[in-house]
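Here are the chains, one letter per residue:
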Amino acid sequence: MCLIIPEQYKSSLGVIQTQQAIKDLKDYFEQRLSEELKLTRVSSPLFVIPETGTNDNLNGVEKAVNFNVPNINKNVEIVQSLAKWKRVALKKYGFETGRGIYTDMNAIRKDEELDNIHSIYVDQWDWELIIDKEERNEAKLKEVVKKIYKVFKETEEHVHDIYPEINKMLPEEITFITSQELLDMYPELSPKEREDKIVRDKGAVFLMQIGKILDNGDKHDGRSPDYDDWELNGDILFYNPILDNAIELSSMGIRVDEERLKYQLDVSNCNDRKELDYHKALLNGELPYTIGGGIGQSRICMYFLNKAHIGEVQVGVWPDDMIKECSELGIHLL
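- Identification of the protein chain as Aspartate--ammonia ligase from Romboutsia ilealis is taken from an unreviewed UniProt entry.
- In UniProt, the protein chain has this text filed under Subcellular location (unreviewed entry): "Cytoplasm".
- Per UniProt, the comment on the protein chain under Pathway (unreviewed entry) is "Amino-acid biosynthesis; L-asparagine biosynthesis; L-asparagine from L-aspartate (ammonia route): step 1/1."

Points about the nonpolar core
Thought 1: Among the nonpolar cores identified, the biggest contains 56 residues, and Trp127, Ile148, Phe152, Phe238 and Met252 are the most heavily contacted of them.
Thought 2: A per-element tally of this core places helix H3 (residues 138-162) first, with 8 residues.

Re the sheet that holds strand E8 (residues 204-208)
Thought 1: Taking strand neighbours across the sheet as the criterion, the 8 strands line up as E1-E5-E6-E11-E10-E9-E8-E7 in an open arrangement whose pairing is mixed. Strands with a single pairing partner mark the edges of an open sheet, and in this sheet they are strand E1 (39-41) and strand E7 (175-178). The average angle at which neighbouring strand axes cross in this sheet is 25°, direction not considered.
Thought 2: Two strands pair when backbone bridges link them, and strand E5 (residues 100-108) and strand E6 (residues 121-130) are joined in this way by 9 bridges, in the antiparallel orientation. By the bridge assignment, Met105 is partnered in E6 with Gln124.
Thought 3: Relative to the sheet, helix H1 (residues 15-37) contacts E1, E5, E6 and strand E11 (290-296), its axis offset from that of E6 by approximately 20°.

A word on the pattern of salt bridges
Thought 1: Applying the stated criterion across every chain, the model contains 33 salt bridges.
Thought 2: In this structure, Glu36 engages Lys150 in a salt bridge whose closest nitrogen and oxygen atoms are separated by 3.6 Å. Of this pair, Glu36 sits in helix H1 while Lys150 sits in helix H3; the two residues are 114 residues apart in sequence, bridging distant segments of the chain.
Thought 3: For Glu36, a relative accessible area of 17% corresponds to the buried category.
Thought 4: Two residues, Arg223 and Asp228, come together in a salt bridge whose shortest N-O distance is 3.4 Å.
Thought 5: Judged by relative accessible area, which is 1%, Asp228 ranks as buried.
Thought 6: In the salt-bridge network here, residues are joined through shared partners; they are Lys86, Asp126, Glu128, Arg223, Asp228, Asp235 and Arg255.

What counts, and at which threshold
Residues numbered from 1 in each chain as written. Predicted model: local features only at pLDDT ≥ 70, side-chain atom pairs only at ≥ 80, totals over all residues. Heavy atoms only, no water. UniProt positions renumbered as here; feature names shortened; annotations may be inferred. Core = buried A, V, L, I, M, F, W, Y, C linked by side-chain atoms within 4.5 Å. Buried < 20%, exposed > 50% of the residue type's maximum accessible area, 1.4 Å probe, protein only. Helix = DSSP H or I, 4+ residues; strand = E, 2+ residues; numbered from the N terminus. Pairing = 2+ DSSP bridges. Axes fitted to C-alpha atoms, helices over the stretch in contact; angles between N-to-C directions. Contact = heavy atoms within 4.5 Å. Salt bridge = Lys/Arg side-chain N within 4 Å of Asp/Glu carboxyl O.

Next up, the structure:
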């Protein structure tokens, strides 16, 4: 656990104002995101059957919370994200190319290390959009990122109009850079330090190609091999002046096709997944080609409302010493 306490921190909004602002911000962002990307809201699962292969393995080390359902005599897992489930849903619901879905995703990640921006409870908008196979390229990825960044900019303006005491911080445009380019710029720094460095300089960055092996023999960060194409994905990072570091607000990417799934499963030593329902369907060409991702709801509230701790915008569980220290220094955990 590493808690950052900003010097002379004081929230711009009180607790009741914050609760009101959270709803207004979420309502606005959700509506604009659905309009910009042509997304339809759908219901989503809280748990899935592991054999379907639709749960998210994240970095491959996190263990999903699971329990037995006596009536069906099966174990089920609490979702960690809906990256794969959405692709199956798009086919099942009969969506056409150029249209997509989004949903409120609630998850439990029990292995998360608790700090200013990490909680065991995850709430995000999970979205997925059908594209043509020919659109599986960097140009399409950047086009969609720019649309999402436009929604971020409009949301910032919306919040500032209602609460003028909250300053606007985003640059006019988002900067695109690959993880290899970032390593080349700052070879002496760790991946997290490189992220902090680039966002301090640029303000808003889309860091591309997460999960692939870089020239130094390491990955910038882990990414499960069976949803994002590691050549066509990335994270949206903003500079957070309250904590003086990078905050990741979205992980997204163009999803694997048949060949990229084979390759990434092979280099990750995960070929056993080919026997799961989702992977069989994808390898047989039965699923649409898509781009998608998740956008953290509590994190965007934390960022746009200038909060120092994610517990100021979501109810969670925290270590006693963290609760005590935050209380003493004016950080009101919900």
